[in-house]
Amino acid sequence: MNERDVRDLIDRVKAGELSRRIFLQRMTSAGLAAPLAAQLLAQAGVAMAQSRPIYKPTKRGGGGPLKLILWQGPTLLNPHFAGGNKDREATRLFYEPLAGWDKDGNLRPALALAIPGREDGTLAADGKSVIWRLKQGVTWHDGQPFTADDVVFTWEYSRDPATATITLGTYRDIVVEKIDPYTVVVKFPEPTPFWATAFVGTNDLILPRHVFADYVGSKSRDAPANLMPVGTGPYKCTAFKPGDMVAGVINTAYHVENRPHFDSIEIKGGGDAVSAARAVLQTGEYDFAWNLQVEDEILLRLEKGGKGRVAITNGGGIEHIRLQSADPWTEVDGERSSLKTRHPLFSDPAVRQALALLVDRASIEKFIYGRTGRATANYVDYPERFRSRNTRFEFDVDKAAALLEKAGWVKGADGIRAKDGKKLKLVFQSSINQPRQKTQAIVKQACQKAGIEIEVKTVVASVYFSSDLANPDTGGKFYCDLEMHTSYSGADPEVFMRQFCSWEAATKENKWSGRNSVRWRNKEYDDTFKAATVELDPAKRAALLIKCNDLVVNDQVVIPVVSRPDVAAVRNRLVAELSGWDSNTWDLANWYIES
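S.K.: A description of the sheet that holds strand 13 (residues 410-411) should follow, citing residues and the corresponding values.
M.R.: Read from one edge of the open sheet, three strands run 13-14-15, paired in antiparallel fashion. Every other strand in the sheet has two partners, leaving strand 13 and strand 15 (422-423) as the edge strands with one partner each.

Spelled out as structure tokens, the structure:
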């Protein structure tokens, strides 16, 4: 579908000849993400559908305790430092954005009074500004009022490089101004096709100015609220043991009538994904289990326990292997994987190309993931509109060996290839998780046949996905040759693909909060990404983002393994709307038990 076709369909919706629902169905069938399709309508002056939850309880509370199990225990409760999904899920219990994404890709107001649109002038026709009107009467957990000052402060807090937030890239180049106590305007430097990024969705939750004002910049990591949040959400935090548990009680002053249903909430961390699945599906000890990276045959067996169901939701998760571009074994000015170094082995393209040929994705899908993971050659595999057709994957040990031989990597008596005194010995790390360790084993075996020695390293998930500045084993520091985990692209891949821009490099200076942990720098990529951020033609913009994908895949910056939907276990009778565009807990205030 080209630009003219899209514009014709939009004109038909505006004229009343085509329903909004049919338009969205046609766009998604053509591969356009539902949230982006909805924003195209909004930009054209068609009111965005007001997403509403299904909620039956007629009073606040009375639902007893709600028990969630996140086998990767949360380690902090500040959304702007939440580099791992476990922390994002936990922070959403207490903090809220202006709006979140429902399962159909529509925006649902949280702290916003309504969703901006052209019809009321809150969404600028030139795509360079958006006005958000805020709910009145909302209070923070300590009783202080929520106002526009908190929204402006959150922008100031996140955009300060010294604060070292992971959301810096979203807020650095925009301007947020207070119009009145309950109205703010977000101004973009260029026409912005996907405007619902700042203050919307997973990480972009609003912080209270009066709590964090003294903890900006170099003091940001010292804030007590990083561990004991003060938010506007449906639950108030009562206890937090990093890596272990989070507990909260009902917010009796919550700003939505009759919400929440449950009187208390608990997140239990630790263990493994199989135990988490069993605790919901087989024993019924917990109500909800998140991120079930479990072999599919085990999930099918556990479902027979009859206590719950497996919920599989399309999303942008991609399990992938990352190749470090810097040298993780040399320290420069107190920093490993320094931008001042180059990886001694991966500097040779033949080594990177050989590694890509040694990942047996088809077997990993068939024997490990089943319905919970599809083999792919792309880093952006979903939404479909942004899936490249220019890439392909191949598993060929002989071809990999021939590439290395031609490049001068010769096998020694020990079976390991070497060149110029350097041996092909690599450390491959990932979090402790059965599918990941099985994947590591498959890759190690193929590499061994080709003459590459792999040392497998496993790291406890609560460490690997943490922001612990003192720990060398975090995924953000990436102090080894290869690492593997899942990243999520969300409703639109622009923010997701920002992680490979040169200015996003993770360094000691920015407390390793930069999202470019591979330390890859490429001018063509930077220029292509910048062009995509200001391109209003949806077809041209998609082509630019696809080119970004192709650059990182074809240069083996990452090796995609499987595209992973969101997989959760849900207790029988628990009503919970899950969205592939947002965190699992995005709509927590509307969860309830069906009577």
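S.K.: Would you mind going over the packing of aromatic side chains in detail, with residue names and values included?
M.R.: Within this structure, the stated rule accounts for 17 aromatic pairs. A centroid spacing of 6.3 Å and a plane angle of 45° characterise the contact between phenylalanine 81 and tyrosine 157, whose relative ring orientation is tilted. Of this pair, phenylalanine 81 sits in the loop between strand 1 (65-70) and helix 4 (85-91) while tyrosine 157 sits in helix 5 (residues 148-159), and the two are 76 residues apart along the sequence. Here tyrosine 379 and phenylalanine 500 contribute two aromatic rings whose centre-to-centre distance is 5.3 Å and whose plane-to-plane angle is 70°, an arrangement assigned as edge-to-face. Of the two residues, tyrosine 379 sits in the loop between strand 12 (374-375) and helix 12 (397-406) while phenylalanine 500 sits in the loop between helix 15 (493-497) and helix 16 (523-533), which places them 121 residues apart along the sequence. Like tyrosine 379, the residue phenylalanine 500 is buried in the burial classification. A network of ring pairs unites the aromatic residues Tyr379, Phe496, Phe500, Trp520 and Tyr525 as a single cluster. The ring of phenylalanine 81 carries the charged tip of arginine 221 above its face, separated from the ring centre by 3.9 Å.

S.K.: Could you give an account of the packing of helix 10 (residues 349-357) against helix 12, naming the residues involved and the relevant values?
M.R.: Each pair of packed helices can be summarised by the angle the axes make with each other and by the distance between the axes. The geometry of helix 10 relative to helix 12 is characterised by a closest axis approach of 8 Å and an angle of 175° between their N-to-C directions. Overall, the two elements helix 10 and helix 12 adopt an arrangement that is roughly antiparallel. Seen from helix 10, the contacting residues are Ala350, Val351, Gln353, Ala354 and Leu357; seen from helix 12, they are Lys399, Ala400, Leu403 and Leu404.

S.K.: Residues and numbers for unusual backbone geometry, please.
M.R.: Following arginine 259, the chain continues into proline 260 via a peptide bond in cis, with omega recorded as -5°. Within the secondary structure, proline 260 is located in the loop between strand 8 (245-250) and strand 9 (264-269). If you check the backbone angles, alanine 164 has positive phi at about 60° while not being a glycine. Counting through the fold element by element, alanine 164 comes out in the loop between helix 5 and helix 6 (168-171). Since its relative accessible area comes to 3%, alanine 164 is described here as buried.

Conventions used here
Residues numbered from 1 in each chain as written. Predicted model: local features only at pLDDT ≥ 70, side-chain atom pairs only at ≥ 80, totals over all residues. Heavy atoms only, no water. Pairing = 2+ DSSP bridges. Helix = DSSP H or I, 4+ residues; strand = E, 2+ residues; numbered from the N terminus. Phe/Tyr/Trp six-rings, centres within 6.5 Å; stacked < 30°, edge-to-face > 60°. Buried < 20%, exposed > 50% of the residue type's maximum accessible area, 1.4 Å probe, protein only. Lys NZ or Arg CZ within 6 Å of the ring centre and 35° of its normal. Axes fitted to C-alpha atoms, helices over the stretch in contact; angles between N-to-C directions. Parallel < 35°, antiparallel > 145°, perpendicular 65-115°, else oblique. Contact = heavy atoms within 4.5 Å.

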